[in-house]
Amino acid sequence: MSRFKAVIFDLDGVITDTAHYHYLAWKRLAESQGVHFDHAFNENLKGIDRMGSLDLILASSKRAYTAEEKLALADEKNRHYQELIATMSSADLLPGAVRALDVVRAAGLRIGLASVSKNAFTVLGRLGITDKFDYVVDAATIARGKPDPEIFLKAARELGVAAEDCLGVEDAVAGVASIKAAGMFALGIGHPFVLTQADVVITSLNDFNLESY
Ligand code: BG6
Ligand code: MG
C-alpha cells in the first residue's frame, strides 16, 4: 500500500513532450524581435508561465516594451503554439505516462494535474487522457506561477488530500521547487544533477512505481 493519497502530475515534459513545440513557438517570436533564442535558453523556460517566459526573453532585447505590446507578443506566441499542438494525438504521450496513471488509479489514489499552461485542457484532449484525472487545475485561476506552491496546493485542496499526503511529479527545476514549497514529496523526471531539490529522480515515467518512495 502506498503512503500517499494522491499523485499530482505536471503535464509538459512529464506526460507529453510539448517542450519542443514551446521552443519552436518562442524561437519564432524571439527572432521576430531580433532576440537570439536557442535550446539552452529554452531550458530556463521549463515550467515558467507564458508572461514570465516572455519577460525572460525580452530581457535580452535592446528596446523596452509596454504592457500592451507584451500582451500582444504573448498572444502571438500562443497562436504559433496552438498551430503546433493542433495535430497532437495519443502518439505524443511520453513512454510510461499512461501506465503510470493506471498504476495510480489501480492503487486507489486520487490523480491531479498541476500545469501552468493555459493550453493544458486542449493538450489533454488531444492526448485523449482527460478522464484519467480527478481534478485538473485551470491555470487561468492561478495568481502565482511555479516555483510558488499555489498550483500544487490548489490541486491538493480540490482533491481533498493534505499536502503531506501528496506525491508531485515534475520535470522542471521551478516545478520541483513548487512541489517542495507546498510540503509534498517531489518525484523528478530528468537528471539528479539538474533536479537537485527532488526527493527522488527517475529518467522517465517508464520507471514510475508507488512502492519505492
Ligand atoms: C509550462 C511549460 O507547462 O507551461 C512552459 O513548461 C510554458 O514552457 C507554460 O511557458 C505556459 O504555457 P502556455 O500554454 O499557457 O503558454
Ligand atoms: Mg514540465
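The rules behind the values
Residues numbered from 1 in each chain as written. Chains lettered and ligands numbered in written order. Predicted model: local features only at pLDDT ≥ 70, side-chain atom pairs only at ≥ 80, totals over all residues. Heavy atoms only, no water. Pairing = 2+ DSSP bridges. Helix = DSSP H or I, 4+ residues; strand = E, 2+ residues; numbered from the N terminus. Donors = N, O, S within 2.8 Å, 3.2 Å for Na, K, Ca; no water. Buried < 20%, exposed > 50% of the residue type's maximum accessible area, 1.4 Å probe, protein only. Arc of directions from axis to C-beta. Contact = heavy atoms within 4.5 Å. Core = buried A, V, L, I, M, F, W, Y, C linked by side-chain atoms within 4.5 Å. Domains from an automatic or database assignment. UniProt positions renumbered as here; feature names shortened; annotations may be inferred. Polar contact = N/O pair within 3.5 Å; in protein donor to acceptor, adjacent residues only side chain to side chain. Lys, Arg positive; Asp, Glu negative; His and termini not counted. Salt bridge = Lys/Arg side-chain N within 4 Å of Asp/Glu carboxyl O. Near = heavy atom within 4 Å. Areas by Shrake-Rupley, 256 points an atom, 1.4 Å probe, with all protein chains shown as cover.

Asker: Outline the pairing of strand β2 (residues 110-113), listing residues and values.
Answerer: Consecutive residues of a regular strand have side chains that alternate between opposite faces of the sheet. Looking at chain direction, strand β1 (residues 6-9) and β2 are connected through 4 bridges and run parallel. In the sheet register, Phe-9 faces β2, and the bridge partner there is Leu-113. Where β2 meets strand β3 (residues 135-136), 2 bridges bridge the pair, whose relative direction is parallel. The residue bridging Gly-112 from the neighbouring strand is Tyr-135, located in β3.

Asker: Summarise the coordination of the magnesium ion (ligand 2); cite the residues concerned and give the values.
Answerer: Bound to the magnesium ion (ligand 2) on the protein side are Asp-10 (OD), Asp-12 (O) and Asp-171 (OD), at distances that span 2.0 to 2.1 Å. Sequence spacing of the donor residues for the magnesium ion (ligand 2), all on one chain, is D-x1-D-x158-D. Taken together, the positions of Asp-10 in the loop between β1 and α1 (19-32) and Asp-171 in the loop between β4 (166-170) and α8 (173-181) put the pair 161 residues apart, joining distant regions of the chain. Considered together, Asp-10 and Asp-171 belong to a single accessibility category, that of buried residues.

Asker: Describe in detail helix α3 (residues 50-58), supporting the description with residues and values.
Answerer: Restricting attention to buried positions, one finds in α3 the residues Ser-53, Leu-54, Ile-57 and Leu-58. The buried residues of α3 occupy one face: seen down the axis, they fall within an arc of 130°. In this structure, the buried side of α3 is in contact with α1, α2 (39-43) and α4 (67-85).

Asker: Explain helix α6 (residues 120-127) to me, and be specific about the residues and the numbers.
Answerer: Since the α-helix advances by 3.6 residues per turn, residues separated by three or four positions end up pointing in the same direction. All buried positions along α6 are accounted for by Ala-120, Val-123, Leu-124 and Leu-127. One side of α6 holds all its buried residues, which, seen down the axis, span an arc of 100°. Two residues or fewer past α6, Gly-128 is found with a positive phi of approximately 75°.

Asker: Any chance you could break down the nonpolar core for me, citing the residues and the numbers?
Answerer: Formed by 36 residues in total, the largest nonpolar core has its most connected members in Phe-9, Ile-15, Leu-113, Phe-133, Leu-167, Leu-205 and Phe-208. Those elements that provide at least two residues to this core are β1, α1, α4, α5 (97-106), β2, α6, β4 and β5 (185-189). Looking at this core, you find at least three residues from each of domain 1 (6-16 + 90-207) and domain 2 (19-86). With near-sequence residues (within four places) excluded, Leu-167 lies in contact with Phe-4, Ala-6, Val-7, Ile-8, Phe-185, Leu-187, Phe-208, Leu-210 and Tyr-213. Within the second largest apolar cluster, 22 residues are counted, among which are Ile-151, Ala-156, Leu-159 and Ala-163.

Asker: Describe the UniProt feature "active site" (unreviewed entry) in the protein, with residues and values.
Answerer: Under the UniProt annotation, the feature "active site" (unreviewed entry) is placed at Asp-10 and Asp-12. Among the polar contacts listed, one links the side chain of Asp-10 to the side chain of Lys-146, at a separation of 3.1 Å. Structurally, the position occupied by Asp-12 is in the loop between β1 and α1.

Asker: Explain the side chain of Lys-154 to me, and be specific about the residues and the numbers.
Answerer: Checked against the element boundaries, Lys-154 lands in helix α7 (residues 150-159). In this structure, Lys-154 is buried with no salt-bridge partner, the nearest side chain bearing the opposite charge being Glu-158 at 4.9 Å. Ignoring anything within four residues of it in the chain, the contact list for Lys-154 reads Tyr-135, Val-137, Thr-141 and Ile-142.

Asker: I'd love a proper account of the site of ligand 1, names of residues and values included.
Answerer: Ligand 1 sits among 15 residues. The nearest are Asp-12, Arg-50, Ser-117, Lys-118 and Asn-119. Note that an oxygen atom of ligand 1 is positioned 2.6 Å from one of the side-chain N or O atoms of Asp-12. One of the backbone N or O atoms of Leu-45 is found 3.5 Å from an oxygen atom in ligand 1. Isolated, ligand 1 exposes 400 Å² of accessible area, and the fraction of that covered by the protein chains is 96%. When contributions to the shell around ligand 1 are tallied by element, the ones reaching two or more residues are α3 and α4. Both domains that meet at the shell around ligand 1, namely domain 1 (6-16 + 90-207) and domain 2 (19-86), each give it at least three residues.

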